[in-house]
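# A look at the structure
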Amino acid sequence: MIKSGRHRHRHRPYGGHRQAVLLSPVLVTVLITGLAFSTPREIAFSRLLPAAPALAAAMWPVLPTVLLGAFCLLVMLGISFFHSDLGTPYTAAAIAAVTLAAAYASHLRLQREETLFQVRLVADAAQKVLLRPLPRRIQDVEIESLYLAAQEQARIGGDFYEAADTPYGVRLLIGDVRGKGLSAVGAAAAVTNCFRENAYDQPDLTGLVRRLQITMTRYSVAIPADDQPEHFATALIAEIPHGGANVMILNCGHPPPVFVRSGQVHVLEPSHPSTPLNLAALLGDHYHVDTVSFAPGDQMLLHTDGVTETRDRSGAFFPLSDWMQHHGAASPRGLLDQLHQDLLRYSGGRLDDDIAALAVRCRHTSAQEP
């Protein structure tokens with residue numbers, strides 16, 4: 001999934017047994033050879049020798065696959081000295097034919113792997129542009145991020161986040177484009193880039209979100225979505241003024257943030273609903289900013305709906321508020337690391353939706369530098 005040091009990804013295929021898997025064609029060859037020499041001729045285990053190069057094609061390069069096939073052929077010729085009526089010509093022909101086919105299959109597999117590797121390089125570069133590493137601290141605000149893709153091979157998706165140190169304070173963005181595929185990634189990139197450009201110029205959050213609305217609408221017109229009539233996205237913008245003791249939240253249909261203050265957990269539902277991005281023409285251009293206390297030591301968790309909609313085997317949603325009661329005192333990095341582990345454990349290791357989260361904590365002004 002994500003390769004950045006501040007993102008976590010699941011292990012690669014084969015895990016600690018990778019070496020044993022790579023040696024399995026050799027083990028199969030040795031096993032069949034041993035059985036062929038140690039069992040009666042009527043059983044004819046030697047006829048299984050073509051399976052070894054066929055298995056090698058799935059994991060070995062071309063030359064080792066051919067060499068293994070040649071070795072199997074030599075083994076078959078050696079067996080023929082003991083059992084001359086074993087049908088050696090037919091088995092030898094089968095080994096040769098399977099080896100040639102396996103070599104060609106190995107060549108095609110290596111070509112596909114190289115193509116996939118290049119695609120992943122491009123995806124990693126796109127991920128660094130869309131979800132570039134955030135600063136761990138801006139002024140007196142600590143920030144940590146988490147991104148988990150629902151698909152093992154995925155690098156990026158429709159979830160997005162960003163942070164900016166602006167003249168008006170620390171501004172944060174988190175959101176989720178409805179839809180999937182490259183069009184959703186493009187929409188997320190368009191909104192994120194708009195935020196990066198306008199967060200420094202718009203004096204209030206209402207003006208900033210209107211710029212995001214315009215960008216989303218233009219993108220939806222230019223690049224139609226494949227799986228729905230048009231793009232739309234939920235988004236949440238937060239502003240923490242420099243030296244202030246509060247945070248302003250503008251929530252456009254996004255899951256509410258969770259606050260931890262003096263050991264107490266509070267879910268900040270918007271006092272008035274604001275319109276999701278690109279739905280102003282349908283629902284009206286309505287925006288409302290909520291202001292809440294955000295004192296030194298307080299922490300808030302911004303997240304996409306992939307967190308709260310994670311289900312266990314019985315279909316129950318992940319209890320984020322209850323979970324925060326037990327882990328809300330952790331550092332921002334520790335909080336997200338624990339959230340990552342518990343979400344995978346709760347879902348049985350399988351996520352149904354992408355997950356993005358920001359853990360933000362107001363530092364004590366007297367805190368020492370790390």
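Note that this is a predicted model, so its numbers are computed, not measured. (Residues numbered from 1 in each chain as written. Predicted model: local features only at pLDDT ≥ 70, side-chain atom pairs only at ≥ 80, totals over all residues. Heavy atoms only, no water.)

## Structural notes on the overall build of the chain
- The number of helices and strands found in the chain is eleven helices and eleven strands.
- In the chain, once contacts between residues fewer than 6 apart in sequence are set aside, the share between residues at least 24 apart is 71%.
- Total accessible area on the chain stands at roughly 18,300 Å², and carbon and sulfur atoms take up 60% of it. (Helix = DSSP H or I, 4+ residues; strand = E, 2+ residues; numbered from the N terminus. Contact = heavy atoms within 4.5 Å. Areas by Shrake-Rupley, 256 points an atom, 1.4 Å probe, with all protein chains shown as cover.)

## Some words on the pattern of salt bridges
- Counted under the stated rule, the structure contains 13 salt bridges.
- With a shortest N-O distance of 3.1 Å, E142 and R361 are connected by a salt bridge. On the criterion of sequence distance, the pair formed by E142 in strand β2 (residues 141-148) and R361 in strand β11 (residues 355-362) is long-range, its members being 219 residues apart.
- Here D342 and R345 are joined by a salt bridge, their closest N and O atoms 2.5 Å apart. (Salt bridge = Lys/Arg side-chain N within 4 Å of Asp/Glu carboxyl O.)

## Topic: the sheet that holds strand β1 (residues 137-138)
- Ordered in space as β1-β2-β11-β10-β7-β8, the six strands form an open sheet in which the pairing is antiparallel. Each edge of the open sheet carries a strand with a single partner, namely β1 and β8 (264-267).
- Across two bridges, the pairing between β1 and β2 is antiparallel. Along β2, the bridge assignment pairs R137 with E142.
- Sitting on the sheet, helix α10 (residues 320-327) touches β7 (258-261), β8 and β10 (299-303), and the angle it makes with β8 is about 150°.
- Across the face of the sheet, helix α11 (residues 332-346) comes into contact with β2, β10 and β11 while running at roughly 20° to β2. (Pairing = 2+ DSSP bridges. Axes fitted to C-alpha atoms, helices over the stretch in contact; angles between N-to-C directions.)

## Things to note about the packing of aromatic side chains
- Enumeration according to the criterion identifies three aromatic pairs in this entry.
- Judged by centre distance (6.1 Å) and plane angle (85°), the ring pair of F259 and F294 falls under edge-to-face. Linking F259 in strand β7 with F294 in the loop between β9 (289-293) and β10, this pair joins segments that are 35 residues apart in sequence. When sorted by exposure, F259 lands in the same class as F294, which is buried.
- Ring geometry for F318 against Y346: centres 5.3 Å apart, planes inclined by 85°, an arrangement best described as edge-to-face. Remark: Y346 occurs in helix α11 and F318 occurs in the loop between α9 (305-308) and α10; sequence separation between them is 28 residues. (Phe/Tyr/Trp six-rings, centres within 6.5 Å; stacked < 30°, edge-to-face > 60°. Buried < 20%, exposed > 50% of the residue type's maximum accessible area, 1.4 Å probe, protein only.)

## As for the side chain of Q213
- Its place among the elements puts Q213 in helix α7 (residues 205-222).
- A polar contact is formed between the side chain of Q213 and the backbone oxygen of T275, at a distance of 3.4 Å.
- For Q213, the side chain forms a polar contact with the main-chain oxygen of P276, separated by 3.0 Å.
- Setting aside anything within four residues of it in sequence, one finds Q213 in contact with T275, P276, L277, N278, L279, A280 and Y287. (Polar contact = N/O pair within 3.5 Å; in protein donor to acceptor, adjacent residues only side chain to side chain.)

## With respect to the environment of R41
- Topologically, R41 is positioned in the loop between α2 (24-38) and α3 (51-56).
- Residues R41 and I79 lie 38 residues apart in sequence; the distance between their C-alpha atoms is 9.9 Å.

## Thoughts on the pairing of strand β3 (residues 159-166)
- Where burial is concerned, most of β3 is hidden: seven out of the eight residues are buried.
- Note that β3 and strand β4 (residues 169-177) share eight bridges and pair antiparallel. Looking at β4, one finds that T166 is bridged to G169.
- Connecting β3 to the next strand, β4, in antiparallel fashion are two residues.

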